[in-house]
Amino acid sequence: MGVKRRKDIEQEAARAARKQERKSRKAALVQEPNLERAEGTEPLRKKIILFAEGKNTETSYFKQFNSSLVTIETVGTGKSTCKLVNEAIILLQSKYKNKQFNEKWVVFDKDDNNDFDQAIQLAKQSGFKVAYSNQAIEYWFILHFNDHQGGAMPRNIYSDLINQYINPDDAIYDETKVVSSKFFDIMQANDLQTGKSRLQLAVDRADKIYKGKRDKTEESVTTIHHLIQSITGIKCSKKK
């Protein structure tokens, strides 16, 4: 073989250098940690704190939505509207100051309070999401069974209506205002007539009523479905 020319030697050296560079890159990729979540591992759990006026109804209801995907800290304050919002602000700055939450909610009813609209604005200005009902959260429960259109409904018939729907399944909603596991399961079950989830029906009905009102706080209305959507990921049904 003849003596290699200088140009050939330089080209071979360049090819060898490129080959070594590719090997080095591959080795670096193997050594770099994979920062993406591996398939099959547990997703990050969403953490929600909600401050409610009721010490029984809201706490007994919402805690039953706890799952591997969401943790719900329920705080029954015994206060309503603006007093509730101010109490929530104080508790976040004291008792819960070292805890991190993805979302902060206040849950309250209109009842006979005159500062209902003011409480909604105060809550939003203070960084809370708001789930309210006019007149009371029981209206949300009723929407699981009754395709109500959002007109006025006397609150003194709420409990009787609820019991008409759940008593045949051996559940009762009594003066304690506790949402039992049986009552909760009935609301989560499928409606016998439509075959749809009662929770889905309630979300669709509440959303339709809310969007149809020029005054978003006018009786009868509830935004509990906004909180339920955040907890469960349920969407409103698409209109056909």
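Everything here concerns the structure above.
Residues numbered from 1 in each chain as written. Predicted model: local features only at pLDDT ≥ 70, side-chain atom pairs only at ≥ 80, totals over all residues. Heavy atoms only, no water.

Student: What should I look at first to understand the overall build of the protein in this one?
Tutor: A tally of helices and strands in the protein yields nine helices and five strands. Taken from N to C terminus, the helices and strands of the protein fall in the order α-β-α-β-α-β-α-β-α-α-α-α-β-α. Within the protein, the fraction of its 240 residues that count as buried is 41%. The long-range fraction of contacts in the protein, counting pairs at least 24 apart against all pairs at least 6 apart in sequence, stands at 65%. Surface accessibility of the protein: about 14,800 Å² in total, with carbon and sulfur atoms responsible for 48%. (Helix = DSSP H or I, 4+ residues; strand = E, 2+ residues; numbered from the N terminus. Buried < 20%, exposed > 50% of the residue type's maximum accessible area, 1.4 Å probe, protein only. Contact = heavy atoms within 4.5 Å. Areas by Shrake-Rupley, 256 points an atom, 1.4 Å probe, with all protein chains shown as cover.)

Student: Looking at this model, I keep getting lost on the packing of aromatic side chains. Mind explaining?
Tutor: Aromatic ring pairs are described here by two measures, namely the spacing of the ring centres and the angle between the planes. Summed over the entire model, instances satisfying the criterion amount to 14 aromatic pairs. Ring plane angle 80 degrees and centroid distance 6.1 Å describe the contact between Phe 51 and Tyr 96, whose orientation is recorded as edge-to-face. Placement of the pair is Phe 51 in strand β1 (residues 46-52) and Tyr 96 in the loop between α3 (81-93) and β3 (103-109), with a sequence separation of 45 residues. Of the two residues, Phe 51 and Tyr 96, both sit in the buried class. Here the aromatic cluster, defined as three or more aromatic residues joined through ring pairs, consists of Tyr 61, Phe 62, Phe 65, Phe 141, Tyr 173, Phe 183 and Phe 184. It is Lys 104 that lies over the ring of Phe 128; its NZ or CZ is 5.4 Å from the centre. Taking the ring centre of Tyr 210 as reference, the NZ or CZ of Lys 216 above it sits at 5.0 Å. (Phe/Tyr/Trp six-rings, centres within 6.5 Å; stacked < 30°, edge-to-face > 60°. Lys NZ or Arg CZ within 6 Å of the ring centre and 35° of its normal.)

Student: Looking at this model, I keep getting lost on the nonpolar core. Mind explaining?
Tutor: Taken as a class, soluble globular proteins show a tendency for nonpolar side chains to be buried jointly. Of all hydrophobic cores here, the largest spans 62 residues; its most connected members are Phe 51, Tyr 61, Phe 62, Phe 108, Trp 140, Phe 141 and Ile 228. If we ignore the near neighbours within four places in the chain, the residues touching Phe 108 are Glu 53, Thr 81, Leu 84, Val 85, Phe 116, Ala 119, Ile 120, Val 130, Ala 131, Tyr 132 and Ser 133. (Core = buried A, V, L, I, M, F, W, Y, C linked by side-chain atoms within 4.5 Å.)

Student: What exactly am I supposed to notice about α3 here?
Tutor: Its 13 residues place the ends of α3 19 Å apart at the C-alpha level, agreeing with the 18 Å of an ideal helix rising 1.5 Å per residue. Looking at α3, one finds that the buried residues are Thr 81, Cys 82, Leu 84, Val 85, Ala 88, Leu 91 and Leu 92. Considering only its buried residues, α3 is in contact with β1, β2 (70-76), β3 and α4 (116-125). (Expected span 1.5 Å × (residues − 1).)

Student: Help me understand the pairing of β1, please; the structure alone is not making it clear to me.
Tutor: Within a regular strand, the side chains alternate between the two sheet faces. Counting buried positions along β1 yields five of seven residues, so the element is predominantly enclosed. Where β1 lies against β3, five bridges are found, and the strand directions are parallel. If you follow Ile 48 over to β3, its bridge partner there is Glu 103. (Pairing = 2+ DSSP bridges.)

Student: Sorry, what's going on with the side chain of Glu 103 here?
Tutor: On the secondary structure map, Glu 103 appears in strand β3. Reaching out from Glu 103, the side chain makes a polar contact with the side chain of Trp 105 at a distance of 2.9 Å. When near neighbours in sequence (up to four residues on either side) are disregarded, Glu 103 contacts Lys 46, Lys 47, Ile 48, Ile 49, Lys 129 and Ser 230. (Polar contact = N/O pair within 3.5 Å; in protein donor to acceptor, adjacent residues only side chain to side chain.)

Student: Where do I start with the sheet that holds β3 in this structure?
Tutor: Strands pair in a sheet through their backbones, by hydrogen bonds, and they do so in one of two ways: parallel or antiparallel. Pairing within the open sheet is mixed, and its five strands lie in the order β2-β1-β3-β4-β5. This sheet does not close on itself; its edge strands, each paired only once, are β2 and β5 (221-222). The strands touched by helix α9 (residues 224-232) are β1, β2, β3, β4 (129-134) and β5; relative to β3, the strand with the most contacts, the crossing angle is about 150 degrees. (Axes fitted to C-alpha atoms, helices over the stretch in contact; angles between N-to-C directions.)

Student: For this particular structure, what's the right way to read the pairing of β2?
Tutor: Sheet topology places β1 next to β2; seven bridges connect them, and they run parallel. Of the residues in β2, the one forming a bridge with Lys 47 is Thr 71. Once the chain exits β1 it traverses helix α2 (residues 57-62) before rejoining the sheet at β2, and the crossover so formed is right-handed. (Right-handed = clockwise from strand over helix to strand, strands pointing away.)

Student: What's the story with α9 in this structure? I'm lost.
Tutor: Residues that lie three or four places apart on an α-helix share one face, since the helix turns once every 3.6 residues. Taken residue by residue, α9 has Ile 224, His 225, Leu 227, Ile 228, Ser 230 and Ile 231 as its buried positions. After α9 finishes, the residue Gly 233 shows a positive phi value of roughly 80 degrees.

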